[in-house]
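The chain contents come next:
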Amino acid sequence: MKHLQQMRSVKEHFQGLATQMPHGKQLDVRTVDDGLIYVCLSAGPTPGTIIAEKTFDFNQPQAHDAAMDFAARHLYSQVVIGMSVAA
């Protein structure tokens, strides 16, 4: 049950980041199966060029850490770019 709570929390976190992507970047976050979340960062018109994508299996104990690592490597920098462009 803990893994489902972590999955919901991570999915909500990624969906919040999706609303902060800079112009021209899209973040697709979806549940693809029981315990699986697919995340895809792309650029350009839809469908865009894939920058980074990953499926996280929350039935595995390391999924939360892997998701946060993905966010740190690929997503947080995009949010900062979007904020500096908007300023």
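Residues numbered from 1 in each chain as written. Predicted model: local features only at pLDDT ≥ 70, side-chain atom pairs only at ≥ 80, totals over all residues. Heavy atoms only, no water.

Draft legend 1. Representation of the pairing of strand β1 (residues 25-33). Here β1 runs beside strand β2 (residues 36-43); their pairing, made up of eight bridges, is antiparallel. Counterpart to V29 in the pairing with β2 is V39. Linking β1 to β2, which pair antiparallel, is a turn of two residues; within it G35 sits at a positive phi near 90°. (Pairing = 2+ DSSP bridges. Helix = DSSP H or I, 4+ residues; strand = E, 2+ residues; numbered from the N terminus.)

Draft legend 2. Spotlight on the pattern of salt bridges. Throughout the structure, instances matching the rule amount to two salt bridges. Notably, a salt bridge pairs D28 with R30, separated by 2.2 Å at the nearest N-O pair. Owing to a relative accessible area of 26%, D28 belongs among the partly exposed residues under this scheme. Its salt-bridge partner being R73, residue D69 comes within 2.8 Å of it at the nearest N-O pair. With D69 and R73 both in helix α2 (residues 63-86), this residue pair falls four residues apart, about one helical turn. (Salt bridge = Lys/Arg side-chain N within 4 Å of Asp/Glu carboxyl O. Buried < 20%, exposed > 50% of the residue type's maximum accessible area, 1.4 Å probe, protein only.)

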